[in-house]
Amino acid sequence: MIPTHKIALAKTSSSLGWLLVALGAHTGWGLYPVFARYLQTVSHVPTFALIALGNIIVLVFVAIFYLPHIPRRVYQMPVLWLFAAAAAARSITNVLASRYTLAIYVQLIGLLTPFFVALLGKTFLKERTPRFTGVALTLSTLGSALMIGADADGMGLTSNLREGDWLGILLALASTIFLAIYMVLIRRSAQKNISSEAILATQIITLTIVMGGLSVSVGENWGSWLALTPSDWAVFITFVVVALFGANIGQISALKHISASLLSSVMPWRMVSALAGGFLLLGERFTSPWQVLGALIVVGTVTWYLWQQQTPSKPVPLAE
């Protein structure tokens, strides 16, 4: 008989391993807006063609390894198509946001997702609002305002944003809301016993069709792919492997072995990933101490908020 302490140690090691997989997935999602912004603004790849071709490549893998094992009856469930619509809206707004404003701003606003999930979960799934949601949302909004509102020389809080930045920020906010809807629908899909593989396949198929259709309808020039340099292609391949494929597969695999709350607890790592990638690939950086302070407030608040959700609340003693 295996000693109890050895079983516990094995479980701990396994959880740690899958937590590292989750960290890798968050790294991929953090780099998503960095790669998307580079390919659109530096490589000049058309927006919808970028996501369409990227998902076509991922679809080949999904078609070979996933589709044959997914029962066809799953596709008759309305919740799966609502999820597909949310995934498409999320992707469109996210990639457009990356075109118009800095990747670090897109990722910063994306850190507000847990709060929108909590509010939507209460409204549509009748779930109880997690503790400290109001406080955390207020602090995160303050931190975001410091980051976005600080001027370039760090001497005040007057806006230094261009018109395109404001459009990108609004698109990033819309993308965050669609991501929250997306996550709530994943919860609903789990209640309907829809497998994660079916969810991924539906997402990839939908994005391929929608993005390809949008690209053709607006007349994007696919010939621009022929003008890419080897370094541009290297960034695109990395984008597909790390962000489109790796982040999705890593997240789905991790969720099979660790809880969603534990997966969410390392979500602030996305901001770190976006900051590092934005600096190395795009030369993006903070230009004032206020922005650094704002980023620290947001990352610290989200980390504290998600950690609190894993800690059971103390029972309220009955009045004697």
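Before any of the text, the structure's been laid out above.
Since this is a predicted model, take the numbers as computed values, not measurements.

Along the protein, the regular secondary structure elements total 12 helices and 0 strands. Listed by position from the N terminus, the elements making up the protein come as α-α-α-α-α-α-α-α-α-α-α-α. Here the protein holds 320 residues, and the buried ones make up 47% of them. In the protein, once contacts between residues fewer than 6 apart in sequence are set aside, the share between residues at least 24 apart is 87%. Counting only carbon and sulfur atoms, one obtains 70% of the accessible surface of the protein, whose full area is about 15900 Å².

In this section: the packing of helix H2 (residues 47–65) against helix H3 (residues 78–100). Each packed pair of helices is defined by two parameters, the angle between the axes and the distance between the axes. It is at 10 Å that the axes of H2 and H3 come closest, and there the two elements cross at 125°. When the axis of H2 is compared with that of H3, the two are oblique. Along this stretch, H2 crosses H3, giving a crossing that reads as right-handed. Contact with H2, carried on its side by Thr47, Phe48, Leu50 and Ile51, involves Ser91, Ile92, Val95, Leu96 and Arg99 of H3 and no other residues of that element. Looking at side-chain class alone, the contact of H2 with H3 contains 6 nonpolar, 2 polar and 1 charged residues.

On to helix H11 (residues 269–282), then. The end-to-end C-alpha separation of H11 is 19 Å, in line with the 20 Å expected for 14 residues at 1.5 Å each. Turning to H11, its buried residues are Arg270, Met271, Ser273, Ala274, Gly277 and Gly278. An end-on view of H11 places all buried positions within 155° of arc, on one side of the element. Looking one or two residues past H11, glycine 283 carries a phi angle of roughly 75°, positive in sign.

For the rest of this paragraph, the subject is the packing of aromatic side chains. Using the criterion set out here, one finds 11 aromatic pairs in the structure. Centre to centre, the rings of phenylalanine 35 and phenylalanine 239 are 6.3 Å apart; their planes meet at 65°, and the pair counts as edge-to-face. Taken as a pair, phenylalanine 35 in helix H1 (residues 4–41) and phenylalanine 239 in helix H9 (residues 230–255) lie far apart in primary sequence, 204 residues in all. As far as the burial class goes, phenylalanine 35 and phenylalanine 239 line up, both buried.

Another aspect to go through is the pattern of salt bridges. Per the counting criterion, the structure on display carries 1 salt bridge. The partner of glutamate 284 in a salt bridge is arginine 37, with the nearest N and O atoms 3.2 Å apart. Here glutamate 284, found in the loop between H11 and helix H12 (289–310), pairs with arginine 37, found in helix H1; they are 247 residues apart in sequence, far enough to count as distant. Just as glutamate 284 is buried, arginine 37 falls in that class too.

Glancing now at empty space enclosed by the protein. Here the idea is plain: a probe the size of a water molecule rolls over the atoms and shows the empty space left. All told, the structure shown has 1 cavity of 30 Å³ or more when counted by the stated rule. When its volume is computed, the largest cavity comes out at roughly 100 Å³. Looking at the largest cavity, it is lined by 13 residues, and the ones nearest its centre are Arg90, Asn94, Val106, Gln107 and Gly110. Among the secondary structure elements, those contributing two or more residues to the lining of the largest cavity are H3, helix H4 (103–110) and helix H7 (163–191). Examining the composition of the lining of the largest cavity, we find that 4 residues originate from one element, H7, more than from any other. A per-class count over the lining of the largest cavity returns 5 nonpolar, 6 polar and 2 charged.

Parameters at a glance
- Residues numbered from 1 in each chain as written.
- Predicted model: local features only at pLDDT ≥ 70, side-chain atom pairs only at ≥ 80, totals over all residues.
- Heavy atoms only, no water.
- Helix = DSSP H or I, 4+ residues; strand = E, 2+ residues; numbered from the N terminus.
- Buried < 20%, exposed > 50% of the residue type's maximum accessible area, 1.4 Å probe, protein only.
- Contact = heavy atoms within 4.5 Å.
- Areas by Shrake-Rupley, 256 points an atom, 1.4 Å probe, with all protein chains shown as cover.
- Axes fitted to C-alpha atoms, helices over the stretch in contact; angles between N-to-C directions.
- Parallel < 35°, antiparallel > 145°, perpendicular 65-115°, else oblique.
- Left-handed = near helix turned anticlockwise from the far one by under 90°.
- Nonpolar A, V, L, I, M, F, W, Y, C, P; charged D, E, K, R; others polar.
- Expected span 1.5 Å × (residues − 1).
- Arc of directions from axis to C-beta.
- Phe/Tyr/Trp six-rings, centres within 6.5 Å; stacked < 30°, edge-to-face > 60°.
- Salt bridge = Lys/Arg side-chain N within 4 Å of Asp/Glu carboxyl O.
- 1 Å grid on protein atoms, 1.4 Å probe; cavity = no way out; pocket = protein on both sides within 12 Å on 5 of 7 lines; lining within 4 Å.
- Points joined across faces, edges and corners; volume = space filled by probe spheres on them.

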